Amino acid sequence: MMRHRLLTKGASAVLGQLKTVASRRHREACRYFASADQDILVYGANTDVGKTVACAAICHQALVRGQRVAYIKPVQTGDETDAAAIREHCSRGGGMTDALRLETLFHYPSPESPASAAEKAGARPPQDAEFRDAVLACLRKEKEEHPGVLAVLETAGGPLSPGPNHTFQADIYAPLRLPCVLVGDSKLGGISATVCAYEALVARKQRPKAILFIGSEGRHSNASAVQKALPDVPVISVPSTPPQQEPLTAWLSQDQVAKGMSALLDAEAESEASSLEEHLRLDREHLWHPYTSMVKPGLVWPVRSATGCHIQLEDGRRLVDGMASWWCAIHGYNVPELNAAAAHQLSQTSHVMFGGLTHRPATDLARVLLSCMPQGLSRIFLCDSGSVSVEVALKMALQYWATQGLPRKCRIATVQRGYHGDTFGAMAVCDPVRGMHSLFKNSLPQHLFAEAPALARPKDATEGAAASDNDGFASMEEMLRQNAEDVAAVIIEPVVQGAGGMRMYSPSYLVKLRKLCSDLQILLIFDEIATGFGRTGKLFAAEHAQVTPDIMCVGKALTGGYCTLGATIASDDVARRVSGKDGTQPLMHGPTFMANPLACSVAAASIRLLLQGPWQDRVAAIEKQLEKELLPLKEHREVSDVRVLGAIGVVELRSPPKEPAKLQQALVRHGVWLRPFGQTIYTMPPFIISEQELGCITKAIAEVLEEGIELTD
């Protein structure tokens, strides 16, 4: 069986490095270089527009100027190689080929699209990240061996031509942010093809620094028409090549060709260095970040892009993301299915008010949610975010009793170490002592707090069985029995307390709580904002206890991290009683962006993508690897506990670090993005994370512990 050929040491080396992705050498292979701002990525507006001829002309003119040049063909199809043609064209220019290097990374013999050629060759095509790593490794090698070298990279077709793994080439190359040139189409229909290709690149933030036409001269040429359509883009036109193109020595030496290539080489790519400095200044002087002082802001790392499980920084570093952007990007980043859902909805409408109107994205999302909700939850309020979903749940609970003539039942019961959001109602049910909102305590309603549930590994308890007497429930039971006449509802994070300390407890606690709330006529609210949609190994954490709340809050992973959206889902009984005895009382809440169509479309696509995929197997694999690689850290002198459940891994330190910013910086140096909180270093990665990528995260945690963390005591 024919396998694809890796024709350079750079490509072979990087694929070998992929097997040990956590290594420092691999991470360094993914860096950009300052001189890369002068490199050129060449796209074609169509097939047969002269990309290779254009590359030959660019290489030839750079060689004439005395530059070293590296021509790189990332993927080649067909028996003949474009690299050989480049050498042939430039070899007649006076022995300049000593300064010319040629690299072909992936070569498939069949002369067709890379995806088809790879399949026909029976080869495993590189994944997009592997492909980019191979390109970056090659660039790195060239820059190290020949500082100042100009790299000219030729793509295989147009921006929307499929790469080896069927992904559009523009999407494959976009994270590299290399300056690009578009070779226009001089044939009939070429104006449209060129402008469409240009727009496809601009949409991916790859604005070409110039458009080059070969053989499109004159007042009524395609080049002239495109220049009128795109007046801010340099459009360069050079004469047609002669009928006999091998070699192009005479044509390359023509004065008009030389001037055109000089203009192209001198065209300014959209400068990112100065704009980055301005970007950081504006951020520093005018933007608040979460939980950060405006006077003495913390260090931030500017992001260029994100794909899969990697965050690409502006300086070229790629960080393995262990946070799923605060637990919501369960599918990773730049997800084709979610991109398509967003693009389709944008072409319809991004937003209409939900007051007096409805739309298909909302009812479609309702259908998907109803298919996976715990039995009995069927009335859905689509709101702005997770915190707002908590506000809505609290209002439902209070209105539930007020419409029944029991306004006295207006207090909320919960547990210590809980976190439910930063809006006012949500703050009032967060831990008042260890939480983040002590500055506002005099303005918040005074609710009831039981002791936190006892720490436990949830899967140690029999699911659904109230088997444990050591789950810490006694404090909650005593509090509710003493205050039942005043309590409207209990709100709790099921099984896992998130930002309150990443604490895990026995499902038996929830079994007892459900029964007691029913007995005492108290509503039960589950905050599944962090745990919902598979994070704990169950679709919803309530399933660990096999109980159903009266009201449930979801958010975060609801849209796969694409946009903000929350939902509060209630039972029929709650919906009926909230509406009053005659059914006319409205629920007094109505956000401007309620049921936003764009967010609803993406959310429905995200949930379908989750349910149709092997999410249980993925989360189980993450849990198994986290247990294997994190649990041994419990023996470390600075560690007090290690906890794992589903796609959650927590390393709790003996006390908080003296300088949390230094811990964050150390993790970034190790090539991972984690956001330590309090005295915990934790990870809640995307479900699509590979074994190697997750290994990079666990290794980084182990290494920063070994390097030493200065604690507060």
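None of the values given here were measured: they were computed from a predicted structure. (Residues numbered from 1 in each chain as written. Predicted model: local features only at pLDDT ≥ 70, side-chain atom pairs only at ≥ 80, totals over all residues. Heavy atoms only, no water.)

**Regarding the sheet that holds strand β24 (residues 680-683)**
So, step 1. The sheet built from three strands is open, its strands ordered β21-β22-β24 with antiparallel pairing. Two strands bound the open sheet, and with one partner strand each, they are β21 (639-645) and β24. On average, adjacent strands in this sheet sit at an angle of 10° to one another, irrespective of strand direction.
So, step 2. Sheet topology note: the β21/strand β22 (residues 648-653) ladder contains six bridges and is antiparallel. The residue bridging L645 from the neighbouring strand is I648, located in β22. (Pairing = 2+ DSSP bridges. Helix = DSSP H or I, 4+ residues; strand = E, 2+ residues; numbered from the N terminus. Axes fitted to C-alpha atoms, helices over the stretch in contact; angles between N-to-C directions.)

**What to know about unusual backbone geometry**
So, step 1. Even without a glycine there, the phi angle at K205 is positive, about 60°.
So, step 2. Position of K205 among the secondary structure elements: in the loop between α8 (190-203) and β7 (210-214).
So, step 3. Phi at R417 takes a positive value of approximately 70°, unusual for a residue other than glycine.
So, step 4. By secondary structure assignment, the location of R417 is in the loop between β13 (411-415) and α17 (424-427).

**Focus: the environment of R204**
So, step 1. Counting through the fold element by element, R204 comes out in the loop between α8 and β7.
So, step 2. The spacing of R204 and V226 is 22 residues in sequence and 20 Å in space, taken between C-alpha atoms.
So, step 3. Once you skip the residues sitting within four places of it in the chain, R204 turns out to touch L160, F168, A170, D171, A174 and R177. (Contact = heavy atoms within 4.5 Å.)

**Notes on the nonpolar core**
It is characteristic of soluble globular proteins that their nonpolar side chains tend to be buried jointly.
So, step 1. With 131 residues, the main nonpolar core has M476, L480 and L513 as its most contacted residues.
So, step 2. Here this core takes nine residues from helix α16 (residues 386-402), the largest share from any one element.
So, step 3. Excluding residues that lie within four positions of it along the chain, L480 makes contacts with A413, V487, V490, L513, L516, C517, L520 and I522.
So, step 4. With 38 residues, the next largest nonpolar core counts Y43, A118, A121 and I211 among its residues. (Core = buried A, V, L, I, M, F, W, Y, C linked by side-chain atoms within 4.5 Å. Buried < 20%, exposed > 50% of the residue type's maximum accessible area, 1.4 Å probe, protein only.)

**Comments concerning the pattern of salt bridges**
So, step 1. This structure, assessed with the given rule, holds 38 salt bridges.
So, step 2. Close ionic contact of E142 with R101 constitutes a salt bridge, the shortest N to O distance being 2.7 Å. Of this pair, E142 sits in helix α6 (residues 128-145) while R101 sits in strand β4 (residues 100-108), placing them 41 residues apart in sequence.
So, step 3. In this structure E142 comes out as buried when scored by relative accessible area, which is 1%.
So, step 4. A relative accessible area of 25% places R101 in the partly exposed class.
So, step 5. Here E278 ties to R281 by a salt bridge, and the two come within 2.8 Å at their closest N and O atoms. Here E278 pairs with R281, and both are found in helix α12 (residues 273-286), just three residues apart, close to one helical turn.
So, step 6. According to the relative accessible area criterion, R281 is partly exposed, its value standing at 27%. (Salt bridge = Lys/Arg side-chain N within 4 Å of Asp/Glu carboxyl O.)

**Looking at empty space enclosed by the protein**
To locate leftover empty space, one rolls a probe as large as a water molecule over the atoms.
So, step 1. Applying the stated criterion to the full structure yields two cavities of 30 Å³ or more.
So, step 2. Estimates place the volume of the second largest cavity at around 50 Å³.
So, step 3. Around the second largest cavity, the lining residues are R132, P175, S305, A306, T307, H310, I311, Q312 and R318.
So, step 4. Within the residue set of the lining of the second largest cavity, elements represented by two or more residues are β9 (303-307) and β10 (310-313). (1 Å grid on protein atoms, 1.4 Å probe; cavity = no way out; pocket = protein on both sides within 12 Å on 5 of 7 lines; lining within 4 Å. Points joined across faces, edges and corners; volume = space filled by probe spheres on them.)

**Re the domain arrangement of the protein**
So, step 1. In terms of domain boundaries, the protein breaks down into domain 1 (38-270), domain 2 (360-612) and domain 3 (615-707).
So, step 2. Between the C-alpha centres of domain 1 and domain 3 the distance comes to 43 Å. (Domains from an automatic or database assignment.)

**Here's the deal with the pairing of strand β15 (residues 487-492)**
So, step 1. Within β15, six of the six residues are buried, leaving the element largely enclosed by the surrounding structure.
So, step 2. Sheet topology places β13 next to β15; three bridges connect them, and they run parallel. When the sheet's bridge partners are listed, R411 is paired in β15 with V487.
So, step 3. Pairing between β15 and strand β18 (residues 523-527): four bridges, direction parallel. Across the sheet, I491 pairs through a bridge with I525, a residue of β18.

**Topic: a nonpolar patch on the surface**
So, step 1. Judged by side-chain polarity, Y291, W326, M436 and F677 come together as a nonpolar surface patch covering roughly 390 Å² of accessible area.
So, step 2. Within the secondary structure, M436 sits in the loop between α17 and β14 (448-450). (Patch = residues over 30% accessible without salt bridge, like charges linked within 9 Å, V, L, I, M, F, W, Y side chains within 5 Å. Areas by Shrake-Rupley, 256 points an atom, 1.4 Å probe, with all protein chains shown as cover.)

**Here's the deal with the sheet that holds β15**
So, step 1. What the seven strands build is an open sheet, ordered β12-β20-β19-β18-β15-β13-β14; its pairing is mixed. At either margin of the open sheet sits one strand with a lone partner, and together these are β12 (377-383) and β14. Across the sheet, the axes of successive neighbouring strands diverge by a mean angle of 20°, strand direction being ignored.
So, step 2. Judged from the four bridges that link them, strand β19 (residues 551-554) and strand β20 (residues 566-571) form a sheet pairing that is antiparallel. What sits directly across from C553, in β20, is T568.
So, step 3. Contacts from helix α18 (residues 473-483) reach β13, β14 and β15, with the element oriented near 150° to β14.

**A short note on the packing of aromatic side chains**
So, step 1. Following the criterion strictly, the structure yields eleven aromatic pairs and no others.
So, step 2. Between F473 and Y509, the ring centres sit 5.1 Å apart and the planes meet at 85°, which makes this aromatic pair edge-to-face. Residue F473 is located in helix α18, and its partner Y509 is located in helix α19 (residues 508-520); the two are separated by 36 residues in the primary sequence. The same class applies to F473 as to Y509, namely buried.
So, step 3. The positively charged end of K409 is found above the aromatic ring belonging to W401, 4.6 Å away from the centroid. (Phe/Tyr/Trp six-rings, centres within 6.5 Å; stacked < 30°, edge-to-face > 60°. Lys NZ or Arg CZ within 6 Å of the ring centre and 35° of its normal.)

**Section: the packing of helix α15 (residues 360-372) against helix α21 (residues 597-612)**
So, step 1. Axis separation between α15 and α21 bottoms out at 8 Å; the angle between their running directions is 30°. The angle between α15 and α21 places the two elements in the roughly parallel class. Crossing geometry of α15 relative to α21 is assigned as left-handed. Judged by residue contacts, P361, A362, D364, L365, V368, L369, S371 and C372 of α15 engage P597, C600, S601, A603, A604, I607, R608 and L611 from α21. (Parallel < 35°, antiparallel > 145°, perpendicular 65-115°, else oblique. Left-handed = near helix turned anticlockwise from the far one by under 90°.)

**Regarding the environment of M427**
So, step 1. Topologically, M427 is positioned in helix α17.
So, step 2. Taking the C-alpha atoms as reference, M427 lies 7.6 Å from L444; in sequence the two are 17 residues apart.

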